[in-house]
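Descriptive analysis of the structure
Letter by letter, the chains look like this.
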Amino acid sequence: MYEINQTHDQNLKSWVEQANAPDTDFPIQNLPFCVFSRACSYEDLRIGIGIGDFILDVYPCYEACLFDDESFTIAVVANDYCLDHSVMRKNAKVQSAFRRRVSEILSEDTDEEMRKIVGRNLIPIAEAELWRPAHIGDYTDFYCSIFHATNVGAMFRPDNPLLPNYKWIPIGYHGRASSIVVSGTEIMRPKGQNRSDTEQSPVYIPCKNLDYEMEVGFFVGCGNDLGEPIPIEKAEEHIFGLCLVNDWSARDVQAWEYQPLGPFLAKSFATTISPFVVTMEALAPFRVPVFERPEGDPQPLGYLTSEENQKFGGIDLNLEVYIQTEKMRDENIEPHLLSRSNMKDLYWTIGQMLAHHASNGCNLQTGDLMATGTISGDSKDSRGCLLEMTWRGKEPIQLPNGETRRFLEDGDEVIMKGFCEREGFRRIGFGTCRGRILPSD
Ligand code: CA
């Protein structure tokens, strides 16, 4: 696990003024990776670092000889079109050296000469096109919020909401990697089989109960060989960083198809991720103990337990979901906050999810994406999807302009945000993960 070091110092300031604004997601203490190109250009994609309202174009800085020693080995591959070919494969020592050097060249202690060179390679985020940061060979979605699992279980099995395996296994399923899209991509309402009228045969129609799920994703850094499980003690060495995930869900399709093998077409039409990947090192100040299991709950088996995971396995990451309908946009009404939750409320940690995933010898590969499952808290205003918030549509939500929602309608935009804050440290954020619903064609 990464130590807290000088790159996390809350007094550190950047000569890039926007990075010192109190509400920026990308202060010099964050330095998230992205893959970008200049908007409307035919330039090749390349690797950048978020700083204030800008992206630092790393490769020209390498060409200007700003990187040395170990930091060099990341900068030299920054002209690649995805992070998994290059940056994500590097070990913690190299990642750390690179972060230290980027922090140095962006810090206010930098001389004029250096600022000139670096300044030429800052591109406003508003003028950049952001791409999927990794190729993503495989995608796995977990189900690790016990509050979400209990709520959803209660709707379908009021007497027995949690299945007996839940407290022993981080439950997950294999998702679809090809339909993972980056924030801002429009989402077409999917069609599927609907059998809401149980007296009739199912019909193939546009999804009626379209939902979002507020989740956090994590990218696999170094993989493991087939047949070689990853011990829980080493799990985090295989995690590169985090992003926000919206696991769009077609609830009516899901209700009809999910038994006996779990979600399929209800989930595979689209998953949106935020474009900036916040590294595990940037998150070091925000680590917290694993979720405290209520008395009477079993302790996890040995391959899912380590002292470090118990003490620092959780992440204190605040999450927010907003909605802006088409009518709200027309009336210039700001997006409306639907819910707030926190990643630290997950029953299982990302280290446990990864160790469990590899525990049968399954080989994880660099750039694979895993997501936590919907993150809900124990209060009503911390429910991470509409299925829970409206209790299957029975309790519609009131929006500020008088509109109501059971599920998403065409033209609705869902906006997710995430940020970490802690006394004595600089707040860091994840940017946004957004998507707007288009009508079915
Ligand atoms: Ca999910």
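Note that the coordinates shown come from a computational prediction; the quantities given were computed from them, not determined experimentally. (Residues numbered from 1 in each chain as written. Predicted model: local features only at pLDDT ≥ 70, side-chain atom pairs only at ≥ 80, totals over all residues. Heavy atoms only, no water.)

**Focus on the overall build of the protein**
The secondary structure content of the protein amounts to ten helices and 26 strands. Against the 2.2 N^0.38 benchmark of 22 Å for 441 residues, the protein shows a C-alpha radius of gyration of 22 Å, consistent with a compact globule. When the backbone C-alpha atoms are referred to their principal axes, the protein occupies close to 75 × 55 × 40 Å. The buried share of the protein, taken over its 441 residues, is 56%. (Helix = DSSP H or I, 4+ residues; strand = E, 2+ residues; numbered from the N terminus. Rg over C-alpha atoms; globule rule 2.2 N^0.38 Å. Buried < 20%, exposed > 50% of the residue type's maximum accessible area, 1.4 Å probe, protein only.)

**Digging into the nonpolar core**
Counting 67 residues, the largest nonpolar core has Y212 and L242 as the members making the most contacts within it. Put simply, the parts of the chain that give this core at least two residues each are α5 (146-156), β13 (214-220), β14 (239-246), β20 (318-324), α9 (350-358), α10 (386-389), β25 (413-420) and β26 (428-438). Ranked by the residues each element gives to this core, the list is headed by α9, at five residues. Judged by nonpolar contacts, the second largest core, of 46 residues, contains F33, L83, M88 and L122. (Core = buried A, V, L, I, M, F, W, Y, C linked by side-chain atoms within 4.5 Å.)

**A closer look at the environment of L317**
Its place among the elements puts L317 in the loop between β19 (314-315) and β20. For L317, a relative accessible area of 0% puts it in the buried group. In the structure, L317 is positioned 31 residues away from F286 in sequence and 7.6 Å away in space, judged by C-alpha atoms. The residues touching L317, leaving out its near neighbours within four places in the chain, are V216, L242, S341, N342, M343, G418, F419, C420 and F430. (Contact = heavy atoms within 4.5 Å.)

**A closer look at the sheet that holds β25**
In spatial order, the strands read β9-β26-β25-β20-β21; together these five strands make up an open sheet with mixed pairing. With partners counted over all chains shown, the strands left at the sheet margins are β9 (187-188) and β21 (336-342), one partner each. Both β20 and β21 contribute to a ladder of six bridges, which runs antiparallel. Directly across from Y322, in β21, lies its bridge partner L337. (Pairing = 2+ DSSP bridges.)

**So, unusual backbone geometry**
The omega angle of the peptide bond from Q259 to P260 is 5°, so this bond is cis rather than trans. Mapped onto the secondary structure, P260 falls in the loop between α6 (251-257) and β16 (271-273). Phi is positive for C40, which is not a glycine, with a value near 55°. For R392, which is not a glycine, the phi torsion comes out positive at approximately 65°. In this structure, R392 sits in the loop between α10 and β23 (397-398). Judged by relative accessible area, R392 falls into the partly exposed class, the value being 37%.

**Quick look at a nonpolar patch on the surface**
A contiguous nonpolar patch, built from W168, I169, L301 and Y303 and spanning about 340 Å² of accessible area, is present on the exposed surface. The topology assignment puts W168 in the loop between α5 and β7 (172-174). (Patch = residues over 30% accessible without salt bridge, like charges linked within 9 Å, V, L, I, M, F, W, Y side chains within 5 Å. Areas by Shrake-Rupley, 256 points an atom, 1.4 Å probe, with all protein chains shown as cover. Salt bridge = Lys/Arg side-chain N within 4 Å of Asp/Glu carboxyl O.)

**As for the domain arrangement of the protein**
One can read the domain layout of the protein as domain 1 (6-131) and domain 2 (139-438). The gap between the C-alpha centroids of domain 1 and domain 2 is 29 Å. Of the residues lining the interface, 30 residues belong to domain 1; the matching set on domain 2 comes to 25 residues. Roughly 2300 Å² of surface becomes buried between domain 1 and domain 2 when both sides are summed, with 61% attributable to carbon and sulfur atoms. In terms of surface lost to domain 2, no three residues of domain 1 exceed H8, D25 and M88, which account for 27% of the buried area on that side. (Domains from an automatic or database assignment. Buried area = accessible area lost by both parts, 1.4 Å probe.)

**Quick word on the pairing of strand β5 (residues 128-131)**
On a regular strand, one side chain projects to one face of the sheet and the next to the other, so that they alternate. Burial along β5 is one-sided: A128 and L130 are buried, and none of E129 and W131, which face the opposite way, are. Note that strand β1 (residues 33-38) and β5 share four bridges and pair antiparallel. Within β5, the position partnered with S37 by the bridge is E129.

**Quick notes on the packing of aromatic side chains**
Evaluation of the coordinates by the stated rule reveals twelve aromatic pairs. Measuring from ring centre to ring centre gives 6.5 Å for F286 and F425, while their planes differ by 70°; the resulting arrangement is edge-to-face. Linking F286 in the loop between β17 (278-279) and β18 (287-288) with F425 in the loop between β25 and β26, this pair joins segments that are 139 residues apart in sequence. Given a relative accessible area of 3%, F286 falls into the buried group. Among the aromatic side chains, those forming a connected cluster through ring pairs are Y143, F147, Y166, F291, Y347 and W348. Lying across the ring of W348, R293 places its NZ or CZ 4.7 Å from the centre. Seen from the ring of Y322, K417 lies directly overhead, with NZ or CZ sitting 4.8 Å from the centre. (Phe/Tyr/Trp six-rings, centres within 6.5 Å; stacked < 30°, edge-to-face > 60°. Lys NZ or Arg CZ within 6 Å of the ring centre and 35° of its normal.)

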